[in-house]
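Single-letter residue listing:
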Amino acid sequence: MARRLFYVHAVHGGRAIVDGDSAAHLRRVLRVQAGQKYELSDGERLYLAEIAGFGLGSVEFSIIEQLPPRSPGACIILYAALLKFDRFEWMIEKATELGAGRLVPLVTARSEAGLEKAALKRLPRWNRIAEESGQQCRRLRAMPVAAPLHFASVLAAPHSQRLLLDEDGTAPLLTILRSVPGEIALLTGPEGGWTAPERIAARDAGWLAATLGQSVLRAETAALAALSLVQGCFWAQAARENPSDKNLD
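Because the structure is a prediction, the values reported are computed rather than measured.

(A) Representation of the nonpolar core within the structure. If you look at the biggest cluster of nonpolar residues, it comprises 39 residues, and the most contacted ones within it are Phe88, Ile92, Trp126 and Leu186. Those elements giving two or more residues to this core turn out to be β7 (75-81), α2 (85-97), β8 (102-107), α3 (115-136), β10 (161-165), α5 (173-176), β12 (183-188) and α7 (219-241). When residues of this core are assigned to their parent elements, the largest contribution, eight residues, is made by α7. Counting residues in each nonpolar core, the second largest holds 15 residues, with Val8, Leu26, Tyr38 and Leu40 among its members.

(B) Structural context of the environment of Val18. You can see Val18 is positioned in strand β3 (residues 15-19). Overall, Val18 belongs to the buried group, its relative accessible area being 0%. If we ignore the near neighbours within four places in the chain, the residues touching Val18 are Phe6, Tyr7, Val8, Ala23, Leu26, Leu40, Gly57, Ser58, Val59 and Phe61.

(C) Here's a closer look at α7. With 23 residues, α7 ought to run about 33 Å at 1.5 Å a step, and its terminal C-alpha atoms sit 33 Å apart, in line with that. Listed as buried for α7 are Ala219, Glu220, Ala222, Ala223, Leu224, Ala226, Leu227, Val230, Gln231, Phe234, Gln237 and Ala238. Close packing links the buried residues of α7 with β7, α2, β10, α5 and β12.

(D) Main features of the sheet that holds strand β1 (residues 5-7). The strand order across the open sheet formed by six strands is β1-β4-β5-β6-β3-β2, and the pairing between neighbours is mixed. Each of the sheet's edge strands pairs with one partner strand only, and the pair in question is β1 and β2 (11-12). Relative to strand β5 (residues 46-55), strand β4 (residues 37-41) runs antiparallel, the two sharing five bridges. By the bridge assignment for β5, Lys37 is matched with Glu50. Lying on the sheet, helix α1 (residues 20-29) is in contact with β1, β3, β4, β5 and β6 (58-67); it crosses β3 at an angle near 90 degrees.

(E) Geometry of the pairing of β4. Of all five residues that make up β4, four are buried, and the element is covered over most of its length. In this sheet, β4 lies alongside β1 in parallel orientation, the contact comprising three bridges. Directly across from Leu5, in β4, lies its bridge partner Glu39. Here β4 folds back onto β5, and the loop between the two strands holds four residues, one of which, Gly43, carries a positive phi near 95 degrees.

(F) Summary view of unusual backbone geometry. Phi angles above zero are rare outside glycine, and Arg31 is one such case at about 50 degrees. With respect to the helices, strands and loops of the structure, Arg31 is situated in the loop between α1 and β4. The class for Arg31 is exposed, based on a relative accessible area of 62%. Positive phi, normally seen in glycine, also occurs at Arg138, with a value near 65 degrees. Along the chain, Arg138 turns up in the loop between α3 and β9 (149-150). Owing to a relative accessible area of 23%, Arg138 belongs among the partly exposed residues under this scheme.

(G) Here's a closer look at the pattern of salt bridges. Applying the stated rule across the entire model yields 17 salt bridges. Between Glu44 and Arg141 there is a salt bridge, with the nearest N and O atoms lying 3.6 Å from each other. Here Arg141 lies in the loop between α3 and β9 and Glu44 lies in the loop between β4 and β5, a separation of 97 residues in the sequence. With a relative accessible area of 53%, Glu44 lands in the exposed category. Two residues, Arg199 and Asp166, come together in a salt bridge whose shortest N-O distance is 2.6 Å. Placement of Arg199 in helix α6 (residues 196-204) and of Asp166 in the loop between β10 and β11 (171-172) is noted, with a sequence separation of 33 residues between them. What makes Arg199 partly exposed here is its relative accessible area of 23%. Within the structure, one salt-bridge network assembled from shared partners comprises Lys84, Arg87, Glu112, Glu191, Arg218 and Glu220.

(H) Broad picture of the pairing of β5. Note: β5 against β6, nine bridges, orientation antiparallel. Bridged to Leu48 within β6 is Glu65. Here β5 hands over to β6 after two residues, with Gly57 in that stretch at a positive phi of 75 degrees.

Thresholds, definitions, all that
Residues numbered from 1 in each chain as written. Predicted model: local features only at pLDDT ≥ 70, side-chain atom pairs only at ≥ 80, totals over all residues. Heavy atoms only, no water. Core = buried A, V, L, I, M, F, W, Y, C linked by side-chain atoms within 4.5 Å. Buried < 20%, exposed > 50% of the residue type's maximum accessible area, 1.4 Å probe, protein only. Helix = DSSP H or I, 4+ residues; strand = E, 2+ residues; numbered from the N terminus. Contact = heavy atoms within 4.5 Å. Expected span 1.5 Å × (residues − 1). Pairing = 2+ DSSP bridges. Axes fitted to C-alpha atoms, helices over the stretch in contact; angles between N-to-C directions. Salt bridge = Lys/Arg side-chain N within 4 Å of Asp/Glu carboxyl O.

Given below as structure tokens:
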């Protein structure tokens, strides 16, 4: 059975501290005891550690050994149009599980009025959701959720591949996607889809319009379907190139 993973700010002298909500979860929910073993990540390295003691609102760990790194998967930046927050928060959780490297909320022509201002207040909560989800699925580092940007401001972003998800796209995503290494940007729209001027602006900026099939998907479903397809391509390619690599998990 896989060990639970928790994030720490740093490892010094073979010791690390888990604090905040994670410490509360360890003590109140898991009811941990000294000597129990868990995995820790400082965002760069993975460790096996055991509980050495308890502080006020914290759990202290002693490092046993550094573990082999796990591949983070494809490098995907998800630009996601703002939605009603219950659905957007569900998308944050699942995008973390599916390996998105970063999520950037997007203000579009059809975004509901007031969402941008409210989103700024929600950023701490959204990053906590991403952190909790990252620990649950044992990611090396949490997926950061950035402050909202306007549609026009992301069009010139210099990613290796830039794909606009659109039910009116000219080709399926998998026929457009090139060799997976490199930073891939996925731009997903709001309820109601893109406006004609947005489609034209994205095309003129060099974004490729990709479709996910003939069904019209909800915005959050489209984002997660696209993430799954890109990650599936990455793992298939990695398995072909490194058939004996046991760290592709």
